[in-house]
Each structure stands twice: as C-alpha cells, then as structure tokens.
Amino acid sequence: MQNEPIRKPSPTKIRAYKQAPWREQTRLLAIGLASVFGLMAMLALFIFTGAQAAEAGLRVQSLIRERDRQLRRLEAQEAELAQKQNEEWMRTRAAELGFKPAEAGDIDYLVVADLPATVTIRSSPTSLLYIEQDVALSPAYRETLLEWVLRAILREGGA
Amino acid sequence: MDRSLHRRVRFAQLSLLIPLALVFLQLSRFQILPTEDRRALDEAPYPLNQHIETPRGRIMDRTGHLLAGNSSQYRVYVDNCQVYLYREQFGGLAGGASPSLSDVIAAVARASGAELDTREVVAMLQEVDAALQAEYGQPLSTCTLMAGVRTDSGGQKLAIPLWLTEEENSGLEVAQGLRPDATGKYHNASDLLYNIRTEAWFFRNYPEGSLASEVVGYSRQEGLGQGRSEEGVIRFYREIGDWGVERFYNDILQGAREDVSWTVVPVEITSNLDRAQPPADVVLTIDREIQAETEAALREGIRAGEGSRGSIIVLNPQTGEILAMADFPSVDLQDPNGFLDTFKIKGRLPMDPEGQVVSLNVAAPYEPGSTFKVLTMAAALDSGAVTPGTWFMDSGRIEIGGVVIHNWQRRGFGLQDMTGCMRHSINTCLAWVATQLGPGPFYEYMDRFRIGRLTGVDMSPEVSGILRRPGDQSWTDSTLATNAYGQGVSATTLQMAVAISAVANGGVMMTPHVVRQIILPDGRVHTVTPVPLGQPISAATAETLEEMLAVSLELEGSKALVEGYRVAGKTGTADIPPYVTTKTVASFVGWGPVDDPQILVYIRIDEPTADDDRQYGSITAAPVFARLAPRIFALLGIPPDSIRWTLSPNG
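Scoring rules and cut-offs
Residues numbered from 1 in each chain as written. Chains lettered and ligands numbered in written order. Predicted model: local features only at pLDDT ≥ 70, side-chain atom pairs only at ≥ 80, totals over all residues. Heavy atoms only, no water. Helix = DSSP H or I, 4+ residues; strand = E, 2+ residues; numbered from the N terminus. Buried < 20%, exposed > 50% of the residue type's maximum accessible area, 1.4 Å probe, protein only. Contact = heavy atoms within 4.5 Å. Areas by Shrake-Rupley, 256 points an atom, 1.4 Å probe, with all protein chains shown as cover. Salt bridge = Lys/Arg side-chain N within 4 Å of Asp/Glu carboxyl O. Phe/Tyr/Trp six-rings, centres within 6.5 Å; stacked < 30°, edge-to-face > 60°. Lys NZ or Arg CZ within 6 Å of the ring centre and 35° of its normal. Core = buried A, V, L, I, M, F, W, Y, C linked by side-chain atoms within 4.5 Å. Pairing = 2+ DSSP bridges. Axes fitted to C-alpha atoms, helices over the stretch in contact; angles between N-to-C directions. Disulfide = S-S within 2.5 Å. Parallel < 35°, antiparallel > 145°, perpendicular 65-115°, else oblique. Left-handed = near helix turned anticlockwise from the far one by under 90°. Expected span 1.5 Å × (residues − 1). pLDDT = per-residue confidence, 0-100.

A. Representation of the overall build of chain B in the model. Across its full length, chain B holds 22 helices and 26 strands. Expressed as a percentage of the 651 residues in chain B, the buried residues total 53%. For chain B, restricting intrachain contacts to residue pairs at least 6 apart in sequence, the fraction spanning at least 24 positions comes to 70%. With an accessible surface of roughly 27500 Å², chain B has 53% of that area assigned to carbon and sulfur atoms.

This is the structure in structure tokens:
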C-alpha cells in the first residue's frame, strides 16, 4: 500500500490558525450545538404534533360526551313531547275545546287527483350515531412515514 | 468580526431559539394554561374504558306518532369503595382530608339533589361487603349506590336502586367539574366526589300508556348479564322484548351497550365508535286514531254485555295490514306492576283459572262458535257439495255419529236454503253440510284456511288453536259435525279474522302483519310488501258467500248494519269448554263496504251476562261493529256507498 503524500496547508491558513487558534474549536462547537438544537427542534415538533393530537383526542372525547348527552336529551324530549300529545290527552283537549268526532253525515268528500302522502316520519335521534363511510379519516392520519412515502411513490408511478 | 459573520451568528441564534421558544410555549400552554377539556380530565377520574350505548329503536304508528321511545336515567358508583368502607369503620384523618363512605354519599345527595338515606345505604353496603368477604374472600371494590333499603314480606332486606334523573346527574357532574354550570363556568371538583362515577342507561318510555299495548309489547331490563365479546369489545344487551313487536323485532330494535377503550388518540376513538351501530326504528300498520276508537268500542261493548274480557281486530283484508288490535283488560305499559294481574284475567279459563295470557288476539285460542260457519259454508260451496239454492229441512235436531246436535234455543227453522241457514245460524244445517262435504275435504279446506296453524303474524308469542283430524285419538264422526259450527275446534281471533278475510278478498288470504316499515339507521326505509298467505277458495265462491252473508244481515235486520254502507258478516255464540256453565263467548265478524272491502272487524266478548239474551253475539257483539265500523270508515276517508259510487271514476 502506498502512502498518500501529506498535503501541506496553505500559508494563509497556517497564518490564520497561528493568529486565532480558537477559530477551529469554535467551529466544531457550533456544529455540535447546531446538531443538538436541530435535534431539539425535531423533538419540539414531535411534542407539538403529539400535543395537538392529544388535545384533538380530548376534544373528540368531549364532543362524544356532548353528543351522547344531546342524544339522550333528544330521546327524552321526544318521548316527553309524545306523552304530552298522546291520544287520550288530545281527545280530552279537543272535547274541552268543543270538538266532536265527525259522523259520516258531517263529512263532505271530493276527489283529489294525485294526493301527496302527508305522513312524514321524523328521523330518529339515533341517526346521530351513524357515521358515514364518506367522512372516514384519510390514510395520512393512520400510516407511518414509510407507508406515506411508499404510497406517494406508487401514486406517482401509477400516474 | 465582520458584518457577514455577525449576521450568520444572529441567524443561527434565531434558528435555535425559535424551536426552543415553541417548545416552551407548547409546554406552558399544556401545563400552565390548560384548556377546559384538559383541566376537566386532570381533575376527574380518567376511565380506561367508556360505556357506549345506543338507544333501543323507536316504535311508531302508521302516521308517525311515537308509541315506544327512550329516556335516560343514571346509576351512581363509588370506585375504590373499600377505602371509604375502611374509613367508615375505623375513622379517617382529622380535618375531613380522608372522607368516609357517609361523607361521600352525603356529598352525592347534596350535589345531585337526590333523596338518599345515607345511614341505611352505608349499613347495606357494609353488609354486602362483609358477606362478599365471608363467602368469596373478596372485598367490595365498587359500590353501587342505592336510594334506600326496604324490607319485603319475608323480612328480607332489599335494596331500592338509585336512578338519577338527567337533572340530578347534571348537578352531580357540575360538582365534579365534568361539565360547566348554567353560566358556562367549570367548578372546582370536589374531593369528596373524586371516585364517584355515573353511568347512563336508556329506559323504555311508552308515551301512549295502554294504547295498543297488546301490539307494541314491553321491553324489560335484563340486568347486566354476561357480556358478549365481539372483536375485542365487550357488548352487553340489556333489554329484551317480552311480547308483541318489542319481542318479535327484538333483534333489530335492540340497542347495544359496549365497553370500549377510552383513549385520547383520535383515530382509535372514532374506530371504536364505529362499532356502536344504532338500531332500526319500526313503523306499525296500526293507526293511533282507529286503535283508540277500537279500544273505546271494546270497553263499551264489554260494559254493555257485562263481559269479563274481550278483543277486537281490525284488518285490511286486501293487504293483511292490521289497523287496530285491542284487548281488554289491557296493560298500562307505564305501570309494569299491574301486568301480572291483567294477564291472569286474560288467561283465566274454567280449566285453567291461574293461566296467564299476554294477548287475547294472538295468544288465546277459543272455540269460535258460529263465526266458524263461514269457513264451513265456504268449503262446501267451493267444493260444490252445496249451492246457495240447496234446501235443508230443519227439525231442530240431527244425529251424527251417535251424537244429537241441537240448534240454539233448540229451535227448528223448517225448510231453509243455504242463505237461510247462515241467516238463522242453524247448527243442524251446517253439521249436515259438513257431512255432505265429508271429513277429508272438510279438513283439507280447514288446512287451507290455516286453522290449527300459525298465521305467521309478526308478533310474539303467537299461539295456534287445535284442530283435531280424522285419525287423531279423540276424533269421532260427531267431531266433524260440531266442528262445522265452531265447537270442538279452537282458533285465535286473529286466525279466524285471517281465514274469513279470504271471503272478503276474492278468496285470497293475505299474511297479517303489524309492521309497515323499517327505518334503518342511515335513513333508508324498508317497506313491508303484502304477501298472500294462500287462496283457500275461488274468487267466485268468495263473491257468492259474501253476498249470502250481506243478504243474511239485511234480512235479519241485524244490529250490525251500518247506515250508508253495505256490510257482510256473521255472528257467533260459543259455549266455553268444558261446557259446565252457561257462560258463552259472543263474537261477530263483519266487513265492508261489500263491493270493495277495506276493513274486516272481528269482535270477541267473553262471558257476557245471560240477562236480556246478552250472551248472544247478535245482541252483544254485533252492535259493537255497527258503532265502530262507521268511525273507521270516516277515519280512513271512505265515503258512504252512494257518495263513493258518485265519486268513483266509473260511477
């Protein structure tokens, strides 16, 4: 094996080092510190993202509790309303107001073409719980970085 | 240092300081200035599992009125109960730093406003704890709070469950710092309530009380029971239908209660919640107004006849839709304590005085008596064994298979054609008609009418009557004769109504049903399509018999006739097995308008008084039809015949 000839630093460099020997150390220190702070910046980003996700999770929990509460309120109020409008109550109230059931002779009949159906069934409060497939979370929220990169490559390749 | 170096150093400083500042800010925001949600989480016990519950599906009438809904109540638990029990026994630290169970329960009472007998509740929990330790060596870890203790007739102490209302629970959660008060402010969480946990439960609510209770049914709490593990999620089914639609459609109405892991990772939360699919709602064929009219008519009929119980079915013979189904006495679904007494009245029979029946229309077969003659005559006409013009000489008695058959009041009606036989409801004539038909074809026709078989109605539990056939141990030749006029055979009022609906609907029986639509959680609506159950007789036979029955009522001047509408029908008066009393069951089946039947009404009144001949169907049940039918016609918008023919496009 043949040794490489040692290249001699330029006279300018030698002079500069002689005049300020701390320069090289400062540079090394700066590089070290930059690495540490770079790492810290990444960690900060990680904490920031993690905290945001956790906070979003808490918010979701809170919203779920609220949804549950509202669902229960809706169900209860619907039942209460139905109770206050039940057949017996309506009949009694109608009688109090002077109404009476119509007899056959009291009614006038006429033909109405294409009479639209008047029955409308209210949608159930339970439909609040139904989660549409369309609003499912994007895969970006579930995959790893590697998976994302692979997906991006495949997408690009496929395009 | 030159300017360029100075700039570079500044840049490096900023690059390093900004991330640091961001870290500091985020940590400060998270730790020093937490959001309301985080603060609540810090101060409240953090559960590892969360109960997710979906309410039971709603039941509505055909016009969307709610017949069964849900409301919520809350159970209260004390976690780490052993610590509080220990302090209760041996005392805690001074200054209230270590609260005892009494302190905790008193705090719950204060915060919620619920009435609690603290001393009794603590004593009961201590008793339970001691019993658990003695029997299983396990202390009580979670205490379920109770409202108090009562002593039953046997001297045994029973816990009265504590259920908080929405308002009471709200007060408790505000005191726990879990939710803001009315002004939107969060309170400091009370230390006493740190281990208090509430759990919401849905409860069935029946806003119409007893209306259509026979059809709607009842859903009861089944207790916690054993959870079923599905894909790692423990699922509890807590309610089960006892009868009616609640029971038949239990699987699709049933709400689920699930324990899911409670995490702050949003993706995991939503994926867990996806499991809690809500149940479906059902819309009944029952019309609330027609049901109420039917129940009122039944009550009035039973009162007038001094009967013990009774039932009415109103169905559309063209679709099989049951528009109303009433029985008396009926249970009040808001008062479960009265159920058993009502069921006993419905089920009491001479040979089974302690029997219980939940539904007189679908679960209580009876010997129908003369309404059954419609089926005998239909079979005979359809087979050609007789025609409407066939004559029968009635002497008031006929001997078949060694048994002498008599008419009601042992009268003889002389020479009669088949319309006369139906008009006077002559037992001897129908027994003779059955012998003309012969046992083979007779029972074959009864099979086609599904006598002795379930109708398949979507209500539970349906009970079939009994039809003995040749070859059965107790069948004799005389059985054919008695069966011909509806004795010695049993059927429910629903089976009878469905069988006779073939005569009203051109020979076709439609499958009876009480559910019209099923509304899926995503809003899709599944509408039930009417399905024919069978065609026991031809359309021509049905038309002939229908005309005979309409004429019978008109010639008789029946109390069932309805002004303005042509109707057909048949009365029935049946003896009650074991035939030791003079009690009867009075019935009437009628339908109309005859040229386009929209409703068929079957009325049954048990044990009417014999005073003023009220034991007969023609006296007790027929007038109920005359009172009820025009009300239903009005509610359905069916004009009197003369007006209808004018309005009709062909009129």
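B. Seen up close, the pattern of salt bridges. Per the counting criterion, the structure on display carries 34 salt bridges over all chains. A salt bridge links Asp281(B) to Arg58(B); the nearest nitrogen and oxygen atoms lie 3.2 Å apart. A residue pair is termed long-range when its members are at least 10 positions apart, and Asp281(B) in strand E13 (residues 281–284) and Arg58(B) in the loop between strand E1 (49–53) and strand E2 (59–60) qualify at 223 residues. Salt-bridge contacts for Glu293(B) lead to Arg631(B); the nearest nitrogen and oxygen are separated by 3.2 Å. Of the two residues, Glu293(B) is situated in helix H11 (residues 288–305) and Arg631(B) in helix H21 (residues 622–636); the sequence distance between them amounts to 338 residues. A relative accessible area of 11% places Glu293(B) in the buried class. One network of salt bridges, with partners in common, ties together Glu66(A), Arg69(A), Glu166(B), Glu173(B) and Arg179(B).

C. Here's a closer look at the packing of aromatic side chains. Residue and element names in this part refer to chain B. Applying the stated rule across the entire model yields 14 aromatic pairs over all chains. Their ring planes at 40° and their centres at 6.0 Å tell us that Phe339 and Phe343 sit as a pair that is tilted. Within this pair, Phe339 and its partner Phe343 are both found in helix H12 (residues 339–347), separated by four residues, close to a single helical turn. Ring geometry for Phe588 against Phe625: centres 5.2 Å apart, planes inclined by 50°, an arrangement best described as tilted. Here Phe588, found in strand E25 (residues 584–592), pairs with Phe625, found in helix H21; they are 37 residues apart in sequence, far enough to count as distant. The exposure class of Phe588 is buried, given its relative accessible area of 0%. One Lys or Arg, Arg448, reaches over the ring of Tyr445 and ends 4.5 Å from the middle of that ring. Over the face of the ring belonging to Tyr366 we find Arg604, whose NZ or CZ atom lies 4.4 Å from the ring centre.

D. Focus on the nonpolar core. The biggest cluster of nonpolar side chains holds 90 residues, and the ones touching the most others in it are Val245(B), Leu284(B), Met377(B), Met446(B), Phe449(B) and Ile451(B). Excluding its chain neighbours within four sequence positions, the residues that come into contact with Val245(B) are Ile59(B), Val215(B), Val216(B), Asn250(B), Leu253(B), Val282(B), Leu284(B), Asp458(B), Val514(B) and Val515(B).

E. View of the sheet that holds strand E14 (residues 309–315) of chain B. Residue and element names in this part refer to chain B. As summarised here, the arrangement of the five strands in space is E15-E14-E26-E25-E24, forming an open sheet in which the pairing is antiparallel. Each of the sheet's edge strands pairs with one partner strand only, and the pair in question is strand E15 (322–328) and strand E24 (568–575). On average, each strand axis in the sheet is inclined to that of its neighbour by 5°, with strand direction left out of account. By the bridge criterion, seven bridges tie E14 to strand E26 (residues 599–606) in an arrangement that is antiparallel. Residue Val314 lies in a different strand from E26, and its bridge partner there is Val601.

F. Representation of the pairing of strand E21 (residues 515–519) of chain B. Residues and elements named next belong to chain B. E21 sits mainly inside the fold: four of its five residues count as buried. Pairing geometry for E13 and E21, over four bridges, is antiparallel. Along E21, the bridge assignment pairs Leu284 with Val515. Note that E21 and strand E22 (residues 525–527) share three bridges and pair antiparallel. In the strand pairing of E22, Ile519 is matched with Val525. Hairpin geometry of E21 and E22 is characterised by an intervening segment of five residues between the two adjacent antiparallel strands and by a positive phi of about 95° at Gly523.

G. Seen up close, the state of the cysteines. Residue and element names in this part refer to chain B. Under the definition given, this model contains two disulfides over all chains. At a sulfur-sulfur separation of 1.6 Å, the disulfide partner of Cys81 is Cys143. Because the sign of the S-S torsion sets the handedness, a value of about -70° for the bond joining Cys81 and Cys143 places this disulfide among the left-handed ones. With Cys81 in helix H3 (residues 81–90) and Cys143 in strand E4 (residues 143–144), the pair connects residues that are 62 residues apart, well separated along the chain. Residue pairing for Cys421: its cysteine sulfur links by disulfide to Cys429, the two sulfurs lying 2.1 Å apart. Across the disulfide from Cys421 to Cys429, rotation about the S-S bond amounts to roughly 90°, and the bridge is consequently right-handed. Across this residue pair, the class does not change: Cys421 and Cys429 are buried. Here the cysteine-cysteine linkages of chain B are recorded as 1-2, 3-4, numbering only bonded cysteines and doing so in sequence order.

H. Seen up close, the side chain of Thr511(B). Residue and element names in this part refer to chain B. With respect to the helices, strands and loops of the structure, Thr511 is situated in the loop between strand E20 (509–510) and E21. Thr511 sits in the buried class, given a relative accessible area of 18%. Other than its neighbours up to four places away in sequence, Thr511 contacts Thr319, Gly320, Thr455, Gly456, Val531, Pro532 and Leu533.

I. Up close: the packing of helix H13 (residues 373–383) of chain B against helix H16 (residues 439–448) of chain B. Residue and element names in this part refer to chain B. Packing of H13 against H16 brings their axes to within 10 Å, and their N-to-C directions diverge by 115°. The angle between H13 and H16 falls in the class roughly perpendicular. When you trace H13 past H16, the crossing you get is right-handed. Only Phe442, Tyr445, Met446 and Arg448 of H16 make contact with H13, whose side of the interface consists of Leu375, Thr376, Ala379, Asp382 and Ser383.

J. Seen up close, the pairing of E13(B). Residue and element names in this part refer to chain B. Side-chain alternation along E13 places Asp281 and Val283 on one buried face and Val282 and Leu284 on a second face that is also buried. As defined by bridge partners, E2 adjoins E13 across two bridges and the pair is classed as parallel. Across the sheet, Met60 pairs through a bridge with Val283, a residue of E13.

K. Representation of helix H19 (residues 539–556) of chain B. Residue and element names in this part refer to chain B. Taking 1.5 Å as the rise per residue, H19 with 18 residues should run 26 Å; its terminal C-alpha atoms sit 26 Å apart, in good agreement. Among the structural elements, H13, helix H14 (418–423), helix H18 (493–504), E24 and E25 are those in contact with the buried residues of H19. Positive backbone phi, at 65°, marks Gly557, one or two positions downstream of H19.

L. Main features of the confidence of the model for chain A. Chain-level statistics for chain A give a pLDDT mean of 78 and a share of 77% at 70 or above. Taken element by element, the predicted model of chain A shows its lowest mean pLDDT in helix H4 (residues 145–158) of chain A (75) and its highest in helix H3 (residues 87–96) of chain A (93).

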